[in-house]
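Take a look at the letters that make up each chain.
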Amino acid sequence: MSTHELPEAWGKLDRRAVDPGQAPRLSLVAHCIDVAAVTQALLVLPTWRARLDSLARRPLTPTDLARLCALAFLHDVGKAGAGFYAKALPEPVALAWRHSSRASGAALGHVAVVAPLFDGDRSLQPLRDALGVDTVLAWGGDPAGQEQVLSLWLAAISHHGSPQTRDDLAKRVTEARAAWTHPVDGYHPARGLARLQTAVRRLLPEAFAADAPPLRADAPLVHAFAGLVSLADWIASNTDAGFFPYQLDPQNIQGPQDETRWPMAQQRAAEVLRAMRLDVEPLRADLRKRQPSFQTLFDGHDPRDVQQHAGRTDLGPLVVIEAETGSGKTEAALWRFKVLFEAGLVDALCFLLPTRVSATAIAQRVQSFVERLFPEPARRPNTVLAVPGYLRANGKEGKPLAGFEVLWPDDPVTRPLYWAAEHGKRYFAAALATGTIDQFLLSVLQTKHAHLRGTALLRALVVVDEVHASDAYMTALLRAALHRHVRAGGHGLLMSATLTGEARSRLLQAGQRQRAWGAPSGNAAPAAAGEAPYPCIADARALVACQRAAPQRRIGRSLLTAMRDPERVAERVASAVAAGARVLVLRNTVAQALATQQAIEQRMGADHPALFRAGTTNTVAMHHGRYAFEDRRCLDAAVEQTFGKPAACDTRPRVLVGTQTLEISLDCDADLMVSDLVPIDVLLQRLGRLHRHRDRDAWRPAGYRSPHVVVLTPEERDLSGLLVPGGGRGLGLGRRGAYNNLVAIEACLRLLEDMQTRPEWLIPDHNRGLVEAGADGARLDALAGELGGVWPTARLEYLGEQAGQAGQAAPLLVRWDEDWNQSAWTDLGDVARTRLGLEGVDIDLPRPWTSPLGQQLTQLTVPRWMLPKLTPSSSPPEIESLDRGEVALSFAVAGATLRYDRLGLRPA
């Protein structure tokens, strides 16, 4: 059969075939059957069904479910148009039709082309009748209900990730008419539409029952349905073995292509969802039989107090754990997932962290946990590292191939286990996904497939670690995402070592299910400062004190007025190294870190054995955010090998210079810490890397057996000079610095100076008091007033900037409480930002270059601020000149001359 002799509208065509005339294909009916079958299989899964019932605010009836499946079947109605049909014809035939019909734009696609079918033009009524448009809309009963059904249908039609509303389509009616009014090569679109109506009535007769009550769909259900159909279409469109091949029936080389495919598709959908671990009921049944204990899962350790509380099922849907670094919060989160999963309250885990470094570190622990929780590989949920740039799933690395294909080490039978890892928009289809918080925040931003992300997440326990690390903009996005998730019946867990009572209260309020739909209010009543116990676990109803997990650490502290003097810092470091200490130096900026590293090398010698080394070349290096992706992986591994548990008994001195990238999740233990002045919550987080492992205590050198931090401060005690423009340049402090809350900086310095009240800091007993004194908003307001002069104005300006950041988030949100057809949608595309001010630009190298760490680099990410000639409308920049040396790569791009070497990327 030639490609221009198609018996009916087509849905899928394998364009990879050598002979287009013999290319495997699916009829439109067959493809719609596959999508409807996957939708039906998802709708019967208990957790998915419970979430949709919650969004509908009532139990969905069998008729409701049949109608949702029917709408999913009709998701690709646009493919019945002549423009899409013509894409399978020989090019001369297709071009002739385009010329004669004057078709262009929407008429050639299969999404916006549906516009005339929902328009009131009487001349197109025969087409509407052929499809049964009015019959379907009548499911809603009255006009308001019909509007809801139309919203559901348009949500299904929007399965490619960009919402189509009635108003959007109204603008495309004229442009799309040709696809419905001009037959092509003997095919008439009305025939394709009628065929769809006949098929859906045969397959789902209950949807068309005359005496059925109206289908009601509030806005949240419509938005979730959009994500559900996107997921179903993506799965059903996969023609690989193990999914939905063209030849679904081994005995029928044609497919089958008609309604006889339905029972086969239903069976295949159930099998595929189990293979992908979207259906986890068999795994849950197995877990309930075994009921592994905490000791079994965590190396024989008894649960600590906070971990025991985390396993309670009577806690609210959103829980906050506050405990010191190293107290077992990660294990508490994993144990909570186990308990909720076993109870049938969640199907998945989404573990989110603030940085790629921390996410990759935790992913290894999640993989180890799931292997213990489900020791039999055939009965194990799949895991995915949800970090763009990585291809890691189920503890295996994938290899990218041409045509967006990925080679995995297992055989094709297990391929469904890896599907979620192959595309960032599919990460949350995995049973256990570990990634950065950005992936969660993208589910509430107006970006393509935001609905897919949001819907897939509904079945998960969403864990956000280091929740205090979010700025005002990120926090606004986070609260919106939590609000949607919990209102739909989902569960969340937020964790921090340094959260104020005010911040805790505001986050918990976002998860109150009794609140009306909409963005959460910002007027939460903060908890009384300093009154809450520490450590603790809290939900919206109560806060429970927990016993501390480990003995107190008595941390000594001293101040060194050397923030601008790297030579003095190097002198202090060299002294500690000479005494045999492992020293961690944390600077606020990459520039400070570079200057410090160079000063240390100048004083100690560039080849000193104590200098941190990484890579296959064992090269002296640092740790910060301006290394290439491949080098960062080497650096992370080297940090944990040199400063982590594997080196607990290593008595050799070491020194590592880095930035904020070392603060979170990397396993790092120092005998002495040197840190720039930062807000108190950040400093306490950094101190989690000081005397972290008790196993090392016996091996620490004399003079460093008690933890001590040296805090670098400006030479001038009066910090008001930092308030003027450029006053904190180079320090990471000030209005344009990484730490722009200067009242909080002053508060931290006062706490450091107060040797009378707290001669030593007792961690964790002092955590609560220190955090509330140094980070609580009301106390900082009072401090600014006490300081007087320029401080009150600076405080107001800072609060205004924070409000402005939060305000920037509001117009970018996908609001599930808004009517689908009333939603204002602007696809943000590549300009969507989950963080402000941290944009990077990927620069492709003309050919691979071997870095000083021995890694093959093909791309470098350059901070946008380093490229002076780059504007928001600029095309992706290309390298203008390049000097490829053995130890350094120098290049010019977008007005900048840059150098990349063992110390990372910097101006040349």
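What counts as what
Residues numbered from 1 in each chain as written. Predicted model: local features only at pLDDT ≥ 70, side-chain atom pairs only at ≥ 80, totals over all residues. Heavy atoms only, no water. Helix = DSSP H or I, 4+ residues; strand = E, 2+ residues; numbered from the N terminus. Rg over C-alpha atoms; globule rule 2.2 N^0.38 Å. Contact = heavy atoms within 4.5 Å. Areas by Shrake-Rupley, 256 points an atom, 1.4 Å probe, with all protein chains shown as cover. Lys, Arg positive; Asp, Glu negative; His and termini not counted. Charge placed at Lys NZ, Arg CZ, Asp CG, Glu CD. Buried < 20%, exposed > 50% of the residue type's maximum accessible area, 1.4 Å probe, protein only. Pairing = 2+ DSSP bridges. Axes fitted to C-alpha atoms, helices over the stretch in contact; angles between N-to-C directions. Parallel < 35°, antiparallel > 145°, perpendicular 65-115°, else oblique. Nonpolar A, V, L, I, M, F, W, Y, C, P; charged D, E, K, R; others polar. Core = buried A, V, L, I, M, F, W, Y, C linked by side-chain atoms within 4.5 Å. Salt bridge = Lys/Arg side-chain N within 4 Å of Asp/Glu carboxyl O.

Draft legend 1. Spatial organisation of the overall build of the chain. Along the chain, the regular secondary structure elements total 31 helices and 28 strands. Radius of gyration (C-alpha) of the chain: 30 Å, near the 29 Å computed for a compact globule of 908 residues. The principal-axis extents of the C-alpha atoms in the chain amount to approximately 90 × 60 × 60 Å. The contacts in the chain between residues at least 6 apart in sequence include a share of 74% that link residues at least 24 apart. Summed over all atoms, the accessible surface of the chain reaches about 34,700 Å², with 51% contributed by carbon and sulfur. Within the chain, the 99 negative side-chain charges are centred at a point lying 1 Å from the centre of the 102 positive side-chain charges.

Draft legend 2. Main features of the pairing of strand β20 (residues 672-676). The buried count for β20 comes to 5 of 5 residues, which makes it a mostly enclosed element. The sheet contact formed by β20 and strand β21 (residues 708-712) spans 5 bridges and is parallel. Residue pairing across strands places aspartate 676 opposite leucine 712, the latter belonging to β21.

Draft legend 3. Layout of the packing of helix α28 (residues 742-753) against helix α29 (residues 767-775). In the contact formed by α28 and α29, the axes pass within 8 Å of each other and the chain directions differ by 140 degrees. Between α28 and α29, the angle is such that the two are oblique. When α28 is examined against α29, the residues Ala744, Ala747 and Leu751 are found in contact with a partner set consisting of Leu770, Ala773 and Gly774. The residue inventory of the contact of α28 with α29, partitioned by class, reads 5 nonpolar, 1 polar and no charged.

Draft legend 4. Expanded view of the sheet that holds β21. Strand order in the open sheet formed by 6 strands is β19-β16-β20-β21-β15-β22, and the pairing between neighbours is mixed. Across the chains shown, the open sheet's two edge strands, defined by having one partner strand only, are β19 (654-658) and β22 (761-763). Pairwise comparison of adjacent strand axes, ignoring direction, gives a mean angle of 20 degrees for this sheet. Contacts between helix α25 (residues 590-604) and the sheet are confined to β16 (582-586), β19 and β20, with β19 contributing the most and set at about 155 degrees to the helix.

Draft legend 5. Layout of the nonpolar core. Phe73, Phe118, Trp153, Leu196, Phe225 and Ile235 are the most contacted members of the largest nonpolar core, which totals 161 residues. If we skip the residues at most four places from it in the chain, tryptophan 153 touches Leu71, Leu74, Phe118, Leu131, Val133, Val136 and Leu137.

Draft legend 6. Region of interest: the pattern of salt bridges. Tallying each qualifying case throughout the model produces 50 salt bridges. The residue arginine 795 makes a salt bridge to aspartate 781 at a minimum N-O spacing of 2.8 Å. Here arginine 795 is found in helix α31 (residues 791-809), whereas its partner aspartate 781 is found in helix α30 (residues 777-787), with 14 residues between them in sequence. For arginine 795, a relative accessible area of 6% puts it in the buried group. Assessed through its relative accessible area of 38%, aspartate 781 is described here as partly exposed. Between arginine 906 and aspartate 901 there is a salt bridge whose closest N-O contact spans 2.3 Å. The pair arginine 906 / aspartate 901 is uniform in exposure class, with both members buried. Each member of the salt-bridge network shares a partner with another, and the members are Arg582, Asp669, Asp671, Arg696, Asp697 and Arg700.

Draft legend 7. Molecular detail of the environment of leucine 228. Here leucine 228 shows up in helix α13 (residues 219-236). Residues leucine 228 and arginine 758, spaced 530 residues apart in sequence, show a C-alpha to C-alpha distance of 55 Å. The contacts of leucine 228, once residues within four sequence positions are left out, are Thr39, Leu42, Leu43, Trp48, Leu52 and Thr455.

Draft legend 8. Looking closely at the sheet that holds strand β26 (residues 889-893). In spatial order, the strands read β25-β26-β27-β28; together these 4 strands make up an open sheet with antiparallel pairing. At either margin of the open sheet sits one strand with a lone partner, and together these are β25 (881-884) and β28 (904-907). Direction aside, neighbouring strands of the sheet carry axes that sit 20 degrees apart on average.

Draft legend 9. Expanded view of the packing of α29 against α30. Between α29 and α30, the least distance of the axes is 6 Å, while the angle of their chain directions is 50 degrees. For the element pair α29 / α30, the angle class is oblique. Note on element contacts: α30 touches α29 through Gly777, Arg779 and Leu780, opposite Glu772, Ala773, Gly774 and Ala775. Partitioned by chemical class, the residues of the contact of α29 with α30 number 3 nonpolar, 2 polar and 2 charged.

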